[in-house]
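Breakdown of the fold
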Amino acid sequence: MKQERIPDSLDQLNRDMTGKSLEGHWSLGLEDLPPYPVTSVQPHLWRWEDVHESMIRAGEVVNLEQDAERRTIRLLNPGIPGGHGTTHTIHFSFQYVKHGEYARAHRHTAAAFRFVLHGRDAYTTVNGQKCVMEEGDLILTPQLTWHDHVNDSGAPIIWLDGLDIPLTQALHQLFFEPYHQEQQALKTTSDEVAGFYSHARPALEPPMQFFHYKWADTERSLERLRRNGAGRDPYDGYLLEFLNPVTGGPTMPTVQCAVQLLEPGHETLPHRHTSTVIYHVYRGSGTSIVGGQVFEWRQGDSFVVPLWNQHAHFNTSSDTDAILLSMSDAPVVKALDLYREAS
Ligand code: GTQ
Ligand code: FE2
């Protein structure tokens, strides 16, 4: 018997293909996209009081030996429901370690840094290198470096953690490994490594990698930039990027860290770019306009500038410098040839 041919339709084709894990070009809607990048990440500001209160409470109820690998409070972007990131690529969290505590040794594929906010003389050991903290120091734990934190300073310490966990996760490359001991043996110190660098011996093998940017050096460089009036960037004020001293490239392969100084009363020009930035107010107070929203910030606050959001910064004080610490995903965006800027 001859079978009757049922006329085909687009709906029927779509249904049949779905059953075979296939999809037609017409289902993607590529041509409906606007000619510029769009993100669900929202401009947002987190107040230091809120972060600090949660952290102090965590200091009482979170036990580092039983409850958590680390006592950190993470900033969550309201534009990523159910997500763990401050943005779609990078996050900030704040870590609190009391005197006598340590955070055990481990490593992971996510790159991380710490920027010291309150306290001193605790240390992070990175691949056997002891990095003793002072306020304003930036300490890197790049991809798969072993790290543990020890606070024997006599007082609590608080620092900022920056990580690229959402990006590493999106690439399905996120993994984690505990060290075979709670703390690493100390093989060298970051002071020793800095000594090697100052004698121009850049070809350092582990454990002589450079991980520790000291605030005293950062501050001196900022002052030098300020004295050289030409050093002022119209969009960022006096901007200092933390570069890898061996490659001259970004702080770490996936993230760029920077500090910028805005003099009293200084207002930057607005611009936008396809990288995403998280800022932390290290010193001073002011106002930033981000994607049309006005954020008034004070020391300790953090805020996000999502990609392609127009932004400008204004130091509203008439007598005090403002210093912003920032982390961005620019190295990744640039490596993929997707970096664009406009004003
Ligand atoms: O200090 O090793 O904020 O592994 C998140 C993950 C800090 C750390 C964080 C981490 C760490
Ligand atoms: Fe870690």
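Preceding this section is the structure that the text describes.
This one's a predicted model, so the numbers in the text were calculated from it and none came from an experiment.

Cut-offs used in this document
- Residues numbered from 1 in each chain as written.
- Chains lettered and ligands numbered in written order.
- Predicted model: local features only at pLDDT ≥ 70, side-chain atom pairs only at ≥ 80, totals over all residues.
- Heavy atoms only, no water.
- Donors = N, O, S within 2.8 Å, 3.2 Å for Na, K, Ca; no water.
- Helix = DSSP H or I, 4+ residues; strand = E, 2+ residues; numbered from the N terminus.
- Buried < 20%, exposed > 50% of the residue type's maximum accessible area, 1.4 Å probe, protein only.
- Polar contact = N/O pair within 3.5 Å; in protein donor to acceptor, adjacent residues only side chain to side chain.
- Contact = heavy atoms within 4.5 Å.
- Pairing = 2+ DSSP bridges.
- Axes fitted to C-alpha atoms, helices over the stretch in contact; angles between N-to-C directions.

So, about the coordination of the iron ion (ligand 2). Protein coordination at the iron ion (ligand 2) comes from His106 (NE2), His108 (NE2) and His147 (NE2), with a distance range of 2.1 Å. Going along the chain, you hit the donors of the iron ion (ligand 2) in the pattern H-x1-H-x38-H. One end of the pair, His108, is in strand 4 (residues 102-108); the other, His147, is in strand 9 (residues 147-150), with 39 residues separating them in the sequence. The class of His108 is buried, set by a relative accessible area of 11%. Residue classification places His147 among the buried residues on the basis of a relative accessible area of 2%.

Looking at the secondary structure, you find Thr274 in the loop between strand 17 (272-273) and strand 18 (277-283). According to the relative accessible area criterion, Thr274 is buried, its value standing at 9%. Engagement of the side chain of Thr274 in a polar contact is seen with the backbone oxygen of Leu338, the distance being 2.8 Å. There is a polar contact of 2.9 Å between the side chain of Thr274 and the backbone nitrogen of Arg340. Those residues in contact with Thr274 that sit more than four places away from it in its chain are Pro37, Leu307, Trp308, Val333, Leu338, Tyr339 and Arg340.

Let's shift gears to the sheet that holds strand 22 (residues 311-315). Adjacent strands of a sheet pair through backbone hydrogen bonds, lying either parallel or antiparallel. Strands sit in the order 20-19-22 across an open sheet of three strands; the sheet is antiparallel. Sheet topology places strand 20 (293-297) and strand 22 at the edges, where each strand pairs with a single neighbour. Across the sheet, the mean angle separating the axes of adjacent strands is 15° when strand polarity is ignored. Both strand 19 (residues 286-290) and strand 22 contribute to a ladder of five bridges, which runs antiparallel. Bridge pairing in strand 22 links Ile289 to Ala312.

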